[in-house]
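Listed below, chain by chain, are the residues.
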Amino acid sequence: MTHPELKQYTPVKYSRIYSLGAARGDLVVTNEEVAGPIDSSDEWIRQRTGIITRRRASASLSLMDMAEQASNEAIKKAGIDPQEIGAVIFSTITHPHQTPSAAALLAEKIGANPSPAFDISAACAGYCYGVAQADALVRSGMAKYVLVIGGEKLSDFIDPTDRSISFLLGDGAGAAIIGPSDTPGISPTVWGSDGSHWDAVGMSASLLELRDGTATWPTLRQEGQTVFRWAVWEMAKVAKRALEAAGVEPEDLSAMVTHQANMRIIDELAKQLKLPESVVVARDIVYTGNTSAASVPLAMHALLESGEVKSGGLALQIGFGAGLAFGAQVVVLP
Amino acid sequence: MAFSQSEVLAGLAEIVNEETGIAAESVQLEKSFTDDLDIDSISMMTIVVNAEDKFGVKIPDEEVKNLITVGDAVSFISSAQA
């Protein structure tokens, strides 16, 4: 049987990040405020994490509010019509509904309806996973513009008495518009997962245990030492592979933007990579805290807003976290 | 080449000094990493990874919590390289 030749998407050669948008929680939470329940102090928290304050959202500011604010900024800066958005990818672990997705509601709120919209669950690696997918969708010709959002309201899932991770966490959303480009703007992504450490970071219990009364409200937990070792020494290897895949050397970078997990991880990772002093290392964690999927775009946005880095420079971005999942790529700064 | 116990202690003391600034001579077998030397869990992990490199041994995550004193670490490393 004969049939007409199928049409397929017409690929475009390159993609790039057009713009970023950012929203942080409306409350500035000091170390003193979180130190009491964990029998700690401002000094202890600063020394061990580098955090001075973290931004958290008040009860009236939802994850969706922050995502909408960050998305609208990115759309405006990109100078595109939201109706041109061909996919909305929302990375989050704190959307309070198992279904429907946060992305579908966000698409409606920002005027991108009827864009395809879906959430991804890759925790602190989620934004870099989203950029990888957006890059593929744009270059394949499947979407003209893609909105990638990393957004979290982690303060809904913390235990003030937990000494492993809760006191690090903040709330926020970072957004990026990715679209076609005449020149290369996003390198190959080095990404993956290691489920042998599935228990190293995550929730304290499942929803079924909560339903059955065998657990209380699930909150975030981590095995700090296991995560630290993986985040520094394994992620240093991933970062080196990402640079190699991009065809660039450390000295070619304007910035390194890691997931803002803990200053000790960021500093040790920079040391392992032997970054020259000319490379600006993002340290948004100091005043924002660890915002999981939002941390990479928030940190990059902050560097651009402060003028520490300039549009057109190269940045290595790397996300890593629960799964354990990781993703890294070199991007041209928007 | 296997390191003797005194070489492991000296090497470990050097690593501890580099990570924390604690004088190498304070790193003695009976000293507790946390209580006596005031080394936190993150610094401890950096010391462990550097010790793995230096002595060519594997120190699994689940073993780290058993290394209470400097002597525990020296014993573990010494037997792991044997």
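Residues numbered from 1 in each chain as written. Chains lettered and ligands numbered in written order. Predicted model: local features only at pLDDT ≥ 70, side-chain atom pairs only at ≥ 80, totals over all residues. Heavy atoms only, no water.

A short note on the overall build of chain A
Let me state the cut-off plainly: Under the DSSP-based scheme used, a helix requires at least four consecutive residues in state H or I and a strand at least two consecutive residues in state E, with every element numbered from the N terminus. Radius of gyration here uses only the C-alpha atoms, and the compact-globule reference equals 2.2 Å multiplied by the residue count raised to the power 0.38. Accessible surface is estimated by sampling points in the Shrake-Rupley manner with a 1.4 Å probe; for residues, cover comes only from the protein chains shown.
Helix and strand content of chain A: ten helices and 14 strands. The C-alpha radius of gyration of chain A comes to 19 Å, within 12% of the 20 Å expected for a compact globule of 334 residues. Carbon and sulfur atoms make up 53% of the accessible area of chain A, which totals about 14,500 Å².

Remarks on the nonpolar core
What counts, and what does not: What we call a nonpolar core is a set of buried Ala, Val, Leu, Ile, Met, Phe, Trp, Tyr and Cys residues that are connected through their side-chain atoms within 4.5 Å. Buried means the residue's accessible area, taken with a 1.4 Å probe over protein chains only, is under 20% of the maximum for its type, while exposed means over 50%, and partly exposed covers the values in between. Those domain boundaries reflect an automatic or database domain assignment. Two residues form a contact once any of their heavy atoms are found within 4.5 Å.
Of all hydrophobic cores here, the largest spans 78 residues; its most connected members are Leu316 and Phe320 of chain A together with Leu12 and Ile59 of chain B. Counting contributing residues, this core receives three or more from each of domain 1 (14-181) and domain 2 (190-332) of chain A. What Leu316 of chain A contacts, discounting residues up to four positions off in sequence, is Ala239, Ala242, Leu243, Leu253, Ala255, Met256, Val257, Leu273, Gln329 and Val330 of chain A. Counting 32 residues, the second-largest nonpolar core is a separate cluster that includes Ala143, Ala255, Val296 and Ala299 of chain A.

Focus on the domain arrangement of chain A
Residues and elements named next belong to chain A. Just so we agree on the cut-off: Defined here as a combined quantity, buried area equals the accessible surface (1.4 Å probe) lost by two parts on assembly, summed across both. Think of a salt bridge as a Lys or Arg side-chain nitrogen and an Asp or Glu carboxyl oxygen that are within 4 Å of each other. Any pair of nitrogen or oxygen atoms within 3.5 Å is treated as a polar contact; in protein, a donor-acceptor pairing is required on top of that, and neighbouring residues in sequence qualify only through side-chain atoms on both sides. For this classification, Asp, Glu, Lys and Arg are treated as charged, while Ala, Val, Leu, Ile, Met, Phe, Trp, Tyr, Cys and Pro are nonpolar and the rest, including Gly, are polar.
Each assigned domain of chain A is listed here: domain 1 (14-181) and domain 2 (190-332). Computed over C-alpha atoms only, the centres of domain 1 and domain 2 are separated by 14 Å. At the junction of the two partners, domain 1 supplies 50 residues and domain 2 supplies 47 residues. When the two sides are added together, the surface that domain 1 and domain 2 hide from each other amounts to roughly 3,700 Å², 63% of it contributed by carbon and sulfur. Remark: the boundary between domain 1 and domain 2 carries three salt bridges. Note that Glu305 is salt-bridged to Lys77, the shortest N-O span being 3.1 Å. In this structure, the connection of domain 1 to domain 2 is made through 21 residue pairs in polar contact (both at pLDDT 80 or more). Taken together, the elements giving at least two residues each to the side of domain 1 that touches domain 2 come down to strand 1 (14-24), helix 2 (42-49), strand 3 (53-56), helix 3 (63-78), helix 5 (126-140), strand 6 (145-153) and strand 7 (171-181). Taken together, the residues of the side of domain 1 that touches domain 2 sort by class into 24 nonpolar, 15 polar and eleven charged.

Side note on the packing of aromatic side chains
Residue and element names in this part refer to chain A. Here is the rule we go by: Here is the rule: rings of Phe, Tyr and Trp (six-membered ring for Trp) pair when centre to centre is within 6.5 Å. Planes less than 30 degrees apart are stacked, more than 60 are edge-to-face, and the remainder are tilted.
Within this structure, the stated rule accounts for eight aromatic pairs over all chains. Relative to Phe167, the ring of Trp44 has its centre 5.8 Å away and its plane inclined at 50°; by these criteria the two rings are tilted. Taken together, the positions of Trp44 in helix 2 and Phe167 in the loop between strand 6 and strand 7 put the pair 123 residues apart, joining distant regions of the chain. For Phe167, a relative accessible area of 6% gives the class buried.

Description of the sheet that holds strand 13 (residues 314-321) of chain A
All names here are of chain A. Basically, it comes down to this: Pairs of strands are assigned from DSSP output, requiring at least two bridges between the strands. All axes here are fitted lines through C-alpha atoms, helices being fitted over the stretch that makes contact, and every angle between N-to-C directions spans 0 to 180 degrees.
Read across the sheet, five strands follow the order 8-14-13-11-12 without closing on themselves; strand pairing throughout is mixed. The open sheet has two edge strands, strand 8 (190-193) and strand 12 (280-281), and neither has a second partner. In this structure, strand 11 (residues 255-258) lies alongside strand 13, joined through four bridges in parallel fashion. Across the sheet, Ala255 pairs through a bridge with Ala315, a residue of strand 13. Running at roughly 60° to strand 14 (residues 325-332), helix 5 makes contact with strand 8, strand 13 and strand 14 of the sheet.

Let's talk about the interface of chain B and chain A
Listed per partner, the contact involves 14 residues of chain B and nine residues of chain A. Carbon and sulfur atoms make up 50% of the area that chain B and chain A hide from each other, which totals about 1,100 Å². Ranking the residues of chain B by area buried against chain A places Ile42, Met45 and Asp61 of chain B at the top, with a combined share of 45%. If you look at where chain B meets chain A, you find four salt bridges.

Description of the confidence of the model for chain B
The line we're drawing: Note on scores: pLDDT gives the predictor's confidence for each residue, bounded by 0 and 100.
Here chain B shows a mean pLDDT of 92. Residues at 70 or above account for 98%. Both scores are given for the predicted complex: the pTM is 0.94, the ipTM 0.85.

Digging into the pattern of salt bridges
Taken as a whole, this structure holds 16 salt bridges over all chains when the rule is applied. Residues Asp284 of chain A and Arg24 of chain A are paired through a salt bridge, measuring 3.0 Å at the closest nitrogen-oxygen approach. Of this pair, Asp284 of chain A sits in the loop between strand 12 and helix 9 (285-288) while Arg24 of chain A is found in strand 1, placing the two residues 260 residues apart along the sequence. Residue Lys54 of chain B pairs with Glu14 of chain B through a salt bridge whose shortest N-O separation is 3.3 Å. In this pair, Lys54 of chain B is assigned in helix 2 (residues 41-55) and Glu14 of chain B in helix 1 (residues 5-20), connecting sequence segments 40 residues apart. Judged by its relative accessible area of 34%, Lys54 of chain B falls in the partly exposed class.

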